[in-house]
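Structural characterization, general
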Amino acid sequence: MKNLMLLKAVILCMVMMVCGLSLTACGDDDEPEVSLTNERETIKATYSVSLSDDWYKYFDIEVRYTVAGAVESETLDLDWKMNISIPASAEPDKYVFSVIAKPKADAPELDPTIENYELSSSYSLNVSAVNTDGTVDDTYFISQSVEDETLVLNKADMEAMIKEGVVLFSFEEKVEE
């Protein structure tokens, strides 16, 4: 009887060992690591210039702006808006935006009946970053603007400015890492 109980105990131990081994061999309880990163994907910039007609009449308006690390320039003859979207990997080292009124070679004569000239202008630059999940990265934002600025000049000052030109708006900022 003692042998029978010993035999049952040995069988029970073997069954428990086999079950224990089979349970540990079923699989890995560790979940695979899923890496969810939400990094900057796109840089978006909007530049705009709005000037009164006399600016275009008496001056060549040059605008300089940053596009994918390079500074480009254009000469404007009417109000202008530029929307740029570049990959974050092409992020520029700095943003440049300037508007310069240069003397026009064939500028018309000033009207002798006008005593004062009113030259109005508006400029804006907005830069933001969009993450891979479509959200806006609120740590990456540049905004500079001058809205509805009006310069009033008498005839003599207007003549001097037509000869010399003037920087209307100038902005330059390095991108922080």
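Before any of the text, the structure's been laid out above.
Presented here is a report on the structure given in the accompanying data block. (Residues numbered from 1 in each chain as written. Predicted model: local features only at pLDDT ≥ 70, side-chain atom pairs only at ≥ 80, totals over all residues. Heavy atoms only, no water.)

1. A few points about unusual backbone geometry
Backbone geometry places Asp 148, a non-glycine residue, at a positive phi of 50 degrees. Mapped onto the secondary structure, Asp 148 falls in strand E7 (residues 136-154). The exposure class assigned to Asp 148 is exposed, which follows from its relative accessible area of 64%. (Helix = DSSP H or I, 4+ residues; strand = E, 2+ residues; numbered from the N terminus. Buried < 20%, exposed > 50% of the residue type's maximum accessible area, 1.4 Å probe, protein only.)

2. Considering the sheet that holds strand E8 (residues 166-174)
With respect to topology, 4 strands assemble into an open sheet ordered E3-E2-E5-E8, the strand pairing being antiparallel. Two strands in the sheet have a free side with no partner beyond their single neighbour: strand E3 (70-76) and E8. On average, each strand axis in the sheet is inclined to that of its neighbour by 15 degrees, with strand direction left out of account. In terms of strand pairing, strand E2 (residues 59-67) meets strand E5 (residues 94-103) through 7 bridges, oriented antiparallel. Bridge pairing links Ile 61 to Ala 101 in E5. (Pairing = 2+ DSSP bridges. Axes fitted to C-alpha atoms, helices over the stretch in contact; angles between N-to-C directions.)

3. Structural notes on the side chain of Ser 52
Mapped onto the elements of the fold, Ser 52 is located in the loop between strand E1 (40-51) and helix H2 (53-58). Dropping the residues within four chain positions of it, Ser 52 is found in contact with Glu 118, Leu 119 and Ser 120. (Contact = heavy atoms within 4.5 Å.)

4. Quick word on the packing of aromatic side chains
Enumeration according to the criterion identifies 8 aromatic pairs in this entry. With a centroid separation of 5.5 Å and 55 degrees between ring planes, the pair formed by Tyr 47 and Tyr 65 is classed as tilted. Linking Tyr 47 in strand E1 with Tyr 65 in strand E2, this pair joins segments that are 18 residues apart in sequence. Judged by relative accessible area, Tyr 65 falls into the buried class, the value being 2%. Among the aromatic residues, ring-to-ring pairing joins Tyr 47, Tyr 65, Trp 80, Phe 97, Tyr 123 and Phe 169 into one connected group. (Phe/Tyr/Trp six-rings, centres within 6.5 Å; stacked < 30°, edge-to-face > 60°.)

5. Section: the sheet that holds strand E4 (residues 80-87)
Note: strands within a sheet are paired through backbone hydrogen bonds, in either parallel or antiparallel orientation. With antiparallel pairing, 4 strands are arranged side by side in an open sheet as E4-E1-E6-E7. Pairing within the sheet leaves two strands with one partner each, and these edge strands are E4 and E7. When strand polarity is set aside, the average angle formed by the axes of neighbouring strands in this sheet is 5 degrees. Direction of pairing for E1 relative to E4: antiparallel, over a ladder of 8 bridges. Note that in E4 the partner of Lys 44 across the bridge is Ser 85. Sheet strands touched by helix H3 (residues 155-164): strand E6 (116-131) and E7. Its angle to E7, the strand with the most contacts, is close to 125 degrees.

Distances and angles like these do not, on their own, reveal function.
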